[in-house]
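Reading the structure
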Amino acid sequence: MTTLYDLIIIGLGPASLTAQVYALRYNMKVLAIGGVPGGLMMESHKICNWPGEPGISGADLTKKMTDQLAGMNAETVIEEVKSITGQKGAFTVTTRSDKSFEAKLVLIATGTKHSHLGLAREDFFYGRGVTYCATCDAMFYKGKTTAVAGGGNSAVTAALYLSDICPRVYLIYRGSELKGETAWINELKAKDNVTLISETNIIDLKGENKLEAVVLDKAFEGSAELAVSGLFVEIGAKPRNELFVAMGGVVDDFGFVKVASDMTTNLPGVFAAGDLTNQSNYFRQIATAVGEGSIAADTAFKALKS
Ligand SMILES: Cc1cc2nc3c(=O)[nH]c(=O)nc-3n(C[C@H](O)[C@H](O)[C@H](O)COP(=O)(O)OP(=O)(O)OC[C@H]3O[C@@H](n4cnc5c(N)ncnc54)[C@H](O)[C@@H]3O)c2cc1C
């Protein structure tokens, strides 16, 4: 007989992990389905703004959270979801391998995905010099010259991480100033193997079978071509809203799911939480994701009882 879950949570990032803790403590029948346990947390080499942990890797913080859930007998399926159909009281969630699960309520916490530069051969060079995750791929570029594209927190922390293992790191950004945490920016500026290249765009990628150089729209030290073995693209993220939009869900102008302060959406029985939403002043952090996850679980519990 098919199990009818009270709540199915899509995603396994911090928003989902927190929602699971709350929902399980409310004694709800919960299933979480997601691609990457820990979500984007796994890409962070060092997290210094999570209370109680002065400096912890994303992998270690994920393990602490998932260990807690394992101790609560949480049910998890590690797979991508391809569709959500049905309505409040009777949703069907189907995974890429065509497994189906039923739930009364659904919480979508699918976060965001990395933006691309949109260059002609960017896809070709993906995995051959171009990467979107410094924490995952930096070690492949140990001892090599690398570049980071972007001027926000992700780019700054990627450049910092690379500066520990690469002889030279170029940080290339469009604006005149770096944006992000002052502490990280100051640390970066103190590094003598990091070169900041401001008000500059990467307009082409060169190489035969692997990346050999990036082409800039403005010459740097006399040349528009910069020889690098790796390019880390850290230029922001887009909401992973496909499942929600396919159900007729309403998103804002940037594609973030419109939620009320209780994490309800325009679709009855469907909640959203974390980086995916337009809440928390668009401040996409672990602390805000867990806040939204806890509210969503609380609202779902109340919906179940009403
Ligand atoms: C390099 C880097 C460093 C960071 N450092 C920090 C930091 O120091 N401090 C901090 O507070 N924040 C940091 N962040 C941000 C933080 O990681 C995010 O704000 C947080 O992870 C968002 O949580 P979330 O649960 O909303 O989404 P995510 O963590 O993005 O998780 C989304 C989940 O949804 C799953 N998913 C997506 N689509 C589907 C689908 N169709 N089917 C099933 N599952 C799906 C994914 O596999 C994943 O499990 C960092 C981010 C990056 C990239």
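The sections below set out a description of the structure shown in this document. (Residues numbered from 1 in each chain as written. Predicted model: local features only at pLDDT ≥ 70, side-chain atom pairs only at ≥ 80, totals over all residues. Heavy atoms only, no water.)

1. Considerations on the overall build of the chain
Secondary structure summary: the chain contains 8 helices and 17 strands in total. Taking all 306 residues of the chain together, the buried fraction comes to 49%. Long-range contacts, defined here as pairs at least 24 residues apart, represent 58% of the contacts in the chain between residues at least 6 apart. Surface summary for the chain: the accessible area is close to 14600 Å², and the carbon and sulfur share equals 50%. Each charge sign in the chain was given a centre, from 29 positive and 33 negative side chains, and these centres are 3 Å apart. (Helix = DSSP H or I, 4+ residues; strand = E, 2+ residues; numbered from the N terminus. Buried < 20%, exposed > 50% of the residue type's maximum accessible area, 1.4 Å probe, protein only. Contact = heavy atoms within 4.5 Å. Areas by Shrake-Rupley, 256 points an atom, 1.4 Å probe, with all protein chains shown as cover. Lys, Arg positive; Asp, Glu negative; His and termini not counted. Charge placed at Lys NZ, Arg CZ, Asp CG, Glu CD.)

2. Concerning the side chain of Glu292
With respect to the element layout, Glu292 can be found in helix H8 (residues 286-305). Here the side chain of Glu292 touches Gly274 through a polar contact of 3.0 Å, landing on its backbone nitrogen. One polar contact links Glu292 to Thr277, side chain to side chain, over a distance of 2.8 Å. (Polar contact = N/O pair within 3.5 Å; in protein donor to acceptor, adjacent residues only side chain to side chain.)

3. Structural notes on unusual backbone geometry
In this structure, Asn73 is a non-glycine residue whose phi angle is positive, near 60 degrees. Assignment of secondary structure puts Asn73 in the loop between helix H2 (58-71) and strand E3 (75-78). Asn73 sits in the exposed class, given a relative accessible area of 65%. A positive phi angle is found at Asn281, which is not glycine, with a value near 60 degrees.

4. As for the sheet that holds strand E13 (residues 213-220)
The antiparallel open sheet is built from 3 strands, whose spatial order is E12-E13-E14. Each edge of the sheet is formed by a strand with only one pairing partner; in this case those strands are strand E12 (202-206) and strand E14 (223-227). Neighbouring strand axes in the sheet, compared pairwise and without regard to direction, differ in orientation by 35 degrees on average. Bridge analysis of E13 against E14 gives 4 bridges, and the strand direction is antiparallel. Within E14, the residue paired with Phe220 across the bridge is Ser223. (Pairing = 2+ DSSP bridges. Axes fitted to C-alpha atoms, helices over the stretch in contact; angles between N-to-C directions.)

5. Observations regarding the sheet that holds strand E9 (residues 146-149)
Taken together, the 5 strands give an open sheet; going across it, the order is E8-E15-E9-E10-E11, and neighbouring strands pair in parallel fashion. Taken across any chain shown, the strands that pair with only one partner, and hence form the sheet edges, are strand E8 (130-131) and strand E11 (194-197). With 4 bridges joining them, E9 and strand E15 (residues 230-233) adopt parallel strand pairing. Bridge pairing in E15 links Ala149 to Val233. Strand contacts of helix H5 (residues 153-163): E9, strand E10 (169-172), E11 and E15, with the helix running at about 170 degrees to E9, the strand carrying the most contacts.

6. Here we look at the packing of helix H1 (residues 14-25) against H8
One can describe the packing of H1 onto H8 by two numbers: an axis separation of 7 Å at closest approach and a directional angle of 35 degrees. Read as a crossing pair, H1 and H8 show a hand that is right-handed. Contacts from Pro14, Ala15, Thr18, Ala19, Tyr22 and Ala23 in H1 reach Ile286, Ala289, Val290, Gly293, Ser294 and Ala297 in H8. For the contact of H1 with H8, the per-class residue count stands at 9 nonpolar, 3 polar and no charged. (Left-handed = near helix turned anticlockwise from the far one by under 90°. Nonpolar A, V, L, I, M, F, W, Y, C, P; charged D, E, K, R; others polar.)

7. Some thoughts on the environment of Thr131
Secondary-structure assignment places Thr131 in strand E8. Thr131 gets classed as buried once you look at its relative accessible area, which sits at 1%. Linking Thr131 and Leu231, residues 100 residues apart in sequence, is a C-alpha distance of 6.3 Å. Excluding residues within four positions of it along the chain, Thr131 makes contact with Asp137, Tyr141, Leu231, Phe232 and Val233. Separated by 2.6 Å, the side chains of Thr131 and Asp137 make a polar contact.

8. Points about H1
Between its first and last C-alpha, H1 extends 17 Å over 12 residues, near the 16 Å set by a 1.5 Å rise per residue. Counting buried positions over the 12 residues of H1 gives 10, a clear majority of the element. Of the positions making up H1, those classed as buried are Pro14, Ala15, Ser16, Leu17, Thr18, Ala19, Gln20, Val21, Ala23 and Leu24. Turning to H1, the residues buried within the fold contact strand E1 (4-10), strand E2 (30-34), H2, E3, strand E6 (100-108) and H8. Phi for Asn27, located one or two positions after H1, is positive at around 65 degrees. (Expected span 1.5 Å × (residues − 1).)

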